[in-house]
Amino acid sequence: MDIATLRANHPDHWKLATAIRALAMDAVQAANSGHPGMPMGMADVATVLYRNHLKFDASAPNWADRDRFILSAGHGSMLLYALLHLTGYKQATLDEVKNFRQWGSRMAGHPEYGHLEGVETTTGPLGQGISTAVGMAIAEKSMAARFGKKVVDHKIWVIAGDGCLMEGISQEAIGLAGKQELDNLIVLWDNNNITIDGRVTVSDITDQHKRFEASGWTTLACDGHDPADIDRALTEAKKAKGPVLVDCKTIIGFGSPNKADSYSVHGSPLGDAEIALTREVYGWGYGPFEIPAEIKAEWEAIGSKGASDRAEWEARLNGLSAAKKAEFERQMAGGVPKKLASAIRAFKKANSEAAPKVATRKASEMVLAAINPVVPETIGGSADLTGSNLTKTADMADFMPDNRKGRYVRYGIREHGMAAAMNGLWLHGGARPYGGTFFCFTDYARGAMRLSALMGVPAVYVMTHDSIGLGEDGPTHQPVEHLAICRATPNTWTFRPADVIETAEAWELAISAEKTPSVLALSRQNLPTLRKTHTNTNMVAKGAYVIEEAAGKRQAIIMATGSEVEIALKARDILQAQAIGTRVVSMPCMELFAAQDEAYRRKILPPGAVRVAVEAAVRQPWDRWLLGERGTEKKAGFVGMDSFGASAPAERLYAEFGITPEAVAEKVKSLL
Ligand SMILES: Cc1ncc(C[n+]2csc(CCOP(=O)(O)OP(=O)(O)O)c2C)c(N)n1
Ligand SMILES: [Mg+2]
């Protein structure tokens, strides 16, 4: 639809949508950076969505039963910021709009979760939003099944661009959502046939309708500038049986005389002259950042129209039994039940006595069997490695279209999609996600794992087969650099427990975390129980601790994690037999150890002694503990990996790569 017809036929709509466009142009111009084209192109769709369909109340951004709106095309952040400002979200002030992209502004370059109310998830890395939305849709279905449709009944709306649909992760999300028949998920595709390099067709000729339909989606289409047609499509979308793609045919930079329908308006300011011309086309005679009071008032009326829905919802929530309401609120707030601590304590007590020799992946399954019954909001899963990751406990049924009470998601071979869905599960509220794959495939999940850390989502990544100890599958499956990568990521706890007790302690920390994702690096091979004396204290919480003290004068400290703690202890036996007093430090979580005060760190790593670290992985993360923290180069050594591993039985690999008690003892002696 051309602008003259639009203005003539839909004057009210036109004013509302143009307010978005003007703010986007002005904010990007003022910041001298940003992406005006997308908001200008999608303003009509967004206006119809907010005006007629989205269930929300700007005065209550965290209302549990609101519809979620995800701007997957995060570069178009000014679209979202303009909507939040116009509809009256308190934090989204005009000053913030004027400070778009500047230091301290809530309106960051791309929407960032936790910076501004109304931003449901961080987007910008293309494809993440649509994939996170699938997790939100799963959470909504799960909560509706557990608490009833009276209190949980909303939609997840996504705006995705060509880029989101091109990213591989979107295929994972589409496949999962289609299988799960998520009829609460509606994706609005900004089909403008433009990306940064020019026409989409320079790199892609996919028939998106056929693609989505092939995975079980309903597809609809509309003229993305005609409000009546948009409204028809969105109305239809809400009634569909499964997830829906609405193909919104739009023009990027709509209305800009010289830049519309071109990549030049994708990611640069229009410039003052072009903005002036565009204002003329729009019939928008107002200055920069100026929104006439009556248009702002109309937008604010849209922002408050959900208030009555919310009041009715609150009455329904209050109609639940007191216990059910309290449980609903606890799960939405995210705190873990008090019973968890005693369940973990009982588990530790029983297992320090029983002292099983099990792989830490098996130990993890045993702990989960204690956790899942007392934390009813856990949603587990695996990327098709359930029998290897041991992530499914006996009390868990599959989450399926015909069993929304199931708490186990069959993610399929979709590591990245799984990780993004886990983010969505948490961000939606009412779900505590954990999911497994082989540790080596952290790489495949990493885009979303990074966002867990950036957003502060306490997802738990159950990463088994954590070293050459997995054996015969060989170097393609043997993680070597992955511990270093996880440890290098800010706000991530990387746990590598040494036995069943440390595994329980790591799980306790991971599952009760508030703002930090955890990676549990777990062994395939059996490991003995090392902690046979029960303590209530969670030793893993300290990050590192003395697991065996030196006898006699302390000459050496061996530091190790996971499966190598056993090796370190055996090396100590060799050294002690030669009267070399040796302390062994288990360091299951470097981040938590680094967070201890200087006095504690000094107690564990005092100056003077030789230090040797043992880990079947690269040395890089160990330098801080070997060379820093009172260590010295000439008294420090490392026993581990500096290649990709090999295909052979685990024992042979440890011998060939020289990760043995004898090698560790020799390394210590060479430094004395
Ligand atoms: C994972 C990822 N890769 C690359 C980019 C850089 N980038 C931002 S927008 C964009 C083009 C996206 O095209 P489209 O989604 O069609 O947006 P439009 O130009 O239509 O606004 C690219 C490549 C990114 N943000 N994320
Ligand atoms: Mg595009």
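Definitions and cut-offs
The residue numbering used here restarts from 1 in each chain and proceeds along that chain's sequence as written. Chain letters start at A and ligand numbers start at 1, both assigned in the order the entries are written. Since the coordinates come from a predicted model, pLDDT governs what is reported: local features require at least 70, and pairs of side-chain atoms require 80 or more to be given and counted, while whole-chain, interface and lining totals use all residues. Side-chain metrics rest on all non-hydrogen atoms present in the structure, leaving aside hydrogens and water. Exposure categories follow from relative accessible area, calculated using a 1.4 Å probe and restricted to protein chains: below 20% of the type maximum is buried, above 50% is exposed, and the middle band is partly exposed. By convention a nonpolar core is built from buried Ala, Val, Leu, Ile, Met, Phe, Trp, Tyr and Cys residues, the set being connected through side-chain atoms within 4.5 Å. Strands are runs of DSSP state E lasting at least two residues, helices are runs of H or I lasting at least four, and both sets are numbered from the N terminus onward. Pairs of residues are marked as contacts when any of their non-hydrogen atoms sit within 4.5 Å. How far a helix is expected to stretch is found by multiplying one less than its residue total by 1.5 Å. As a rule, N, O and S atoms within 2.8 Å of a metal are its donors, except that Na, K and Ca use 3.2 Å; water is not among the atoms, so sites may look incomplete. UniProt positions are given in the numbering used here, feature names are shortened, and annotations may be inferred rather than shown by experiment. Should DSSP find at least two bridges between two strands, the strands are regarded as paired. Looking down the strands as they point away from you, a crossover is right-handed if its path from the first strand over the helix to the second goes clockwise.

Caption draft 1: The arrangement of unusual backbone geometry in detail. Residues other than glycine seldom take positive phi values, yet Phe289 does so here, at roughly 65 degrees. Owing to a relative accessible area of 14%, Phe289 belongs among the buried residues under this scheme.

Caption draft 2: Examining the nonpolar core more closely. Core analysis: the biggest nonpolar cluster contains 72 residues, and Tyr50, Phe69, Met78, Leu79, Leu188, Val246 and Trp299 have the highest contact counts within it. Examining the composition of this core, we find that twelve residues originate from one element, helix α2 (residues 11–31), more than from any other. Beyond its immediate chain neighbours, meaning those up to four positions away, Leu79 contacts Ile20, Met38, Pro39, Met42, Ala43, Ala46, Leu71 and Ile159.

Caption draft 3: How the structure looks around helix α18 (residues 415–428). When the terminal C-alpha atoms of α18 are compared, their 20 Å separation across 14 residues agrees well with the 20 Å that a helix rising 1.5 Å per residue should span. Here α18 lies mainly inside the structure; 14 of its 14 residues are buried. One or two residues past the end of α18 sits Gly429, with phi positive at roughly 100 degrees.

Caption draft 4: Focus on the coordination of the magnesium ion (ligand 2). Looking at the magnesium ion (ligand 2), one finds its protein donor set to be Asp162 (OD), Asn192 (OD1) and Ile194 (O), positioned 2.1 Å from the metal centre. Each donor residue of the magnesium ion (ligand 2) lies on one chain, and together they are spaced D-x29-N-x1-I. Here the residue Asp162 occupies a position in helix α7 (residues 162–166), and Ile194 occupies one in strand β4 (residues 194–195), the gap between them amounting to 32 residues.

Caption draft 5: A look at the UniProt feature "domain: Transketolase-like pyrimidine-binding" (unreviewed entry) in the protein chain. Here, UniProt's "domain: Transketolase-like pyrimidine-binding" (unreviewed entry) annotation points to residues 358–529. The span residues 358–529 is 37% helical and 19% strand by assignment, and the distance between its end C-alpha atoms comes to 8 Å.

Caption draft 6: The arrangement of the pairing of strand β14 (residues 518–522) in detail. In terms of residue burial, β14 counts as a mostly covered element, since five of its five residues are buried. Here β14 shows a buried face lined by Ser518, Leu520 and Leu522 and a second buried face lined by Val519 and Ala521. Pairing between strand β12 (residues 460–464) and β14: five bridges, direction parallel. Note on β14: the bridge partner recorded for Val460 is Ser518. Across three bridges, the pairing between strand β13 (residues 493–495) and β14 is parallel. Considered in β14, the bridge of Thr494 is made with Val519. Viewed along the sheet, the connection from β13 through helix α21 (residues 500–511) into β14 turns out right-handed.

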